[in-house]
Structures are given as structure tokens and as C-alpha cells.
Amino acid sequence: HQAQLKAADIGRNFVIKVPKGIKQAFNEEEFGPYWKTATIHEMLGLFKMRCFALKRLDDPKVRAVGCIPSHFVYTAKWTADVPPTFNKFKARLVAGGNFETATDNPYENFSPTAGAISNRFFDAYCTYHGYHIRTTDMTQAFLNSDAVKDIYVRLPKGLPKANTHCFKLLKMLY
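As a convention, each chain's residues are numbered from 1 in the sequence order in which they are written. Residue-level local features of this predicted model are given only where pLDDT is at least 70; pairs of side-chain atoms are given and counted only at 80 or more, and the full residue set underlies all totals for whole chains, interfaces and linings. Side-chain numbers here rest on the full set of heavy atoms in the structure, without hydrogens or water.

**Q** Sorry if this is basic, but what is going on with the overall build of the protein chain here?
**A** The helix and strand inventory of the protein chain stands at five helices and six strands. Listed N to C, the secondary structure of the protein chain is α-α-α-β-α-β-β-β-α-β-β in terms of helices and strands. Note on exposure labels: buried denotes an accessible area under 20% of the residue type's maximum, exposed denotes more than 50%, and partly exposed covers the range between, all computed with a 1.4 Å probe on protein chains only. Considering the protein chain as a whole, with its 174 residues, one finds that 32% of them fall into the buried category. Should any heavy atoms of two residues lie within 4.5 Å, those residues are considered in contact. Expressed as a percentage of contacts within the protein chain between residues at least 6 apart in sequence, the contacts between residues at least 24 apart total 68%. The protein chains shown are the only cover counted for residues, whose accessible areas, like all others here, come from Shrake-Rupley with a 1.4 Å probe. When the accessible surface of the protein chain is summed, it comes to about 12200 Å², and 55% of that surface belongs to carbon and sulfur atoms. In this description a helix means any DSSP run of H or I spanning at least four residues, a strand means any run of E spanning at least two, and both kinds are numbered starting from the N terminus.

Below, the structure is given as C-alpha cells:
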């Protein structure tokens, strides 16, 4: 977090070029160390939440099921203040679910989230009762749903062991 605090100290009037992949993130001259820290933070968070187990690509189960690709999505987070203030560098590991083979039941690997109607109801309820609403964020919120079948995800290129290992998902990714 110290890297993010140092970046925030730079001030409000600066531009952060958001990388399109891990290679670009790690090699970015000015903010590369911050993107690397965000990537490590994401991986540690997934590990602590027990979202995956590391498996070898040559494992017979992995070969039978196959692997879907994954990659990191990067973003620079800013506050909602006017003018906005830099908040943090963010990396998110996402699985290429569009590469997964279709199933008969599309809901078998589903991570429920609150929709717009639920959010509006919550806002109206709190307003009606005079409650003060603060912004909330749940760390890695989508990771609450257990995987009910074997799903293997390739490690993003640029990570150690990406050519020899994959993740077996224990919980769902984005």
C-alpha cells in the first residue's frame, strides 16, 4: 500500500496510462512498480480466499477437461470527488469464460450479485427510514460462489510457471 500512497501524493493533476496486459504493466516506465504491486495484491487476495489450486498442465484431469485462458485487467481508481483524486492502482484476474464449452444448464456456475433493483430498493429503504448511506465495497465480492465442476484456467502469460501449470478453480473468478 505504500506504493499507492506515494502515487497519491503526486497530486491530482497527473495522467496514468492504463496498461492493456501484464507485459505492458510490468514494463511501464513510470508506474510499472505500482502495477506490479497491484498484480501481486490481486494474486495474494485470491490465494487467501482459497479460490484456486495450482495444477500441472500435463495432469490427466487437466488434459481431459482443458484450460480456458485468463488475463489481468488493469485500472486506475479515482475518488468521486470534484475534482477527482487518485485512489489506487487496481489489477483484476479474469477468466475467459467465453472459451468454456457450453453446458445444458447455464446457471450451474453462477455467482449471484445485487442488481439495480435491489440497490434501488436499499437506497429507498434507507432514505425512507432516515439512514445515512455510505459507500461500501466487498473485497473480491464475486469469489463467494464455489465451483461445482472442474474448471481449469491457464496462468496469465508473464507469471512464473505459466507454461507448465494452471489453476483449478475452487471458487468462481470474474
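**Q** How should I be thinking about the sheet that holds strand S6 (residues 165-169) in this particular structure?
**A** Through backbone hydrogen bonds, the strands of a sheet pair up, either in parallel or in antiparallel fashion. Here a strand pair is declared whenever DSSP counts at least two bridges between the two strands. Pairing in this open sheet of four strands is mixed, and the strands run S1-S6-S5-S2 from one edge to the other. The strands lining the two open edges of the sheet, one partner per strand, are strand S1 (52-56) and strand S2 (67-68). Across five bridges, S1 lies against S6 in antiparallel orientation. Within the sheet, the bridge partner assigned to Ala 53 lies in S6 and is Lys 168.

**Q** It is not clear to me how unusual backbone geometry should be interpreted in this structure. Could you clarify?
**A** In most cases, non-glycine residues show a negative phi, while peptide bonds are predominantly trans. Positive phi values are uncommon outside glycine, yet Arg 50 reaches one of about 55°. With a phi angle near 65°, Lys 161 is a residue other than glycine that sits in the positive phi range. Among the secondary structure elements, Lys 161 is positioned in the loop between strand S5 (152-154) and S6.

**Q** Honestly, the side chain of Thr 39 in this entry has me stumped. Any pointers?
**A** Looking at the element boundaries, Thr 39 is found in helix H3 (residues 32-48). Counted as a polar contact is a pair of N or O atoms within 3.5 Å, where, for protein atoms, one must be capable of donating a hydrogen and the other of accepting one, and residues adjacent in sequence contribute only when both atoms are in side chains. At 2.9 Å, the side chain of Thr 39 and the side chain of Tyr 74 are in polar contact. Setting aside chain neighbours within four positions, we find Thr 39 in contact with Ile 22, Phe 26, Phe 72, Tyr 74 and Ala 91.

**Q** For this particular structure, what's the right way to read the packing of aromatic side chains?
**A** The geometry of an aromatic ring pair is captured by two quantities: the separation of the ring centres and the angle between the planes. For this analysis, a ring pair means two rings from Phe, Tyr or Trp (six-membered ring only for Trp) whose centres lie within 6.5 Å, classed as stacked if their planes differ by under 30 degrees, edge-to-face if by over 60, and tilted for the remaining angles. Here the structure, examined in full by the defined rule, presents 11 aromatic pairs. With centroids separated by 5.6 Å and ring planes inclined at 75°, the aromatic side chains of Trp 35 and Tyr 74 adopt a geometry described as edge-to-face. Of this pair, Trp 35 sits in helix H3 while Tyr 74 sits in strand S3 (residues 70-78), placing them 39 residues apart in sequence. For Trp 35, a relative accessible area of 0% translates into the label buried. Judged by its relative accessible area of 5%, Tyr 74 is buried. Two thresholds decide whether a charge sits over a ring: the Lys NZ or Arg CZ must be within 6 Å of the ring centre and within 35 degrees of the ring normal. Against the face of Phe 26 rests Lys 36, its NZ or CZ located 5.1 Å from the ring centre.

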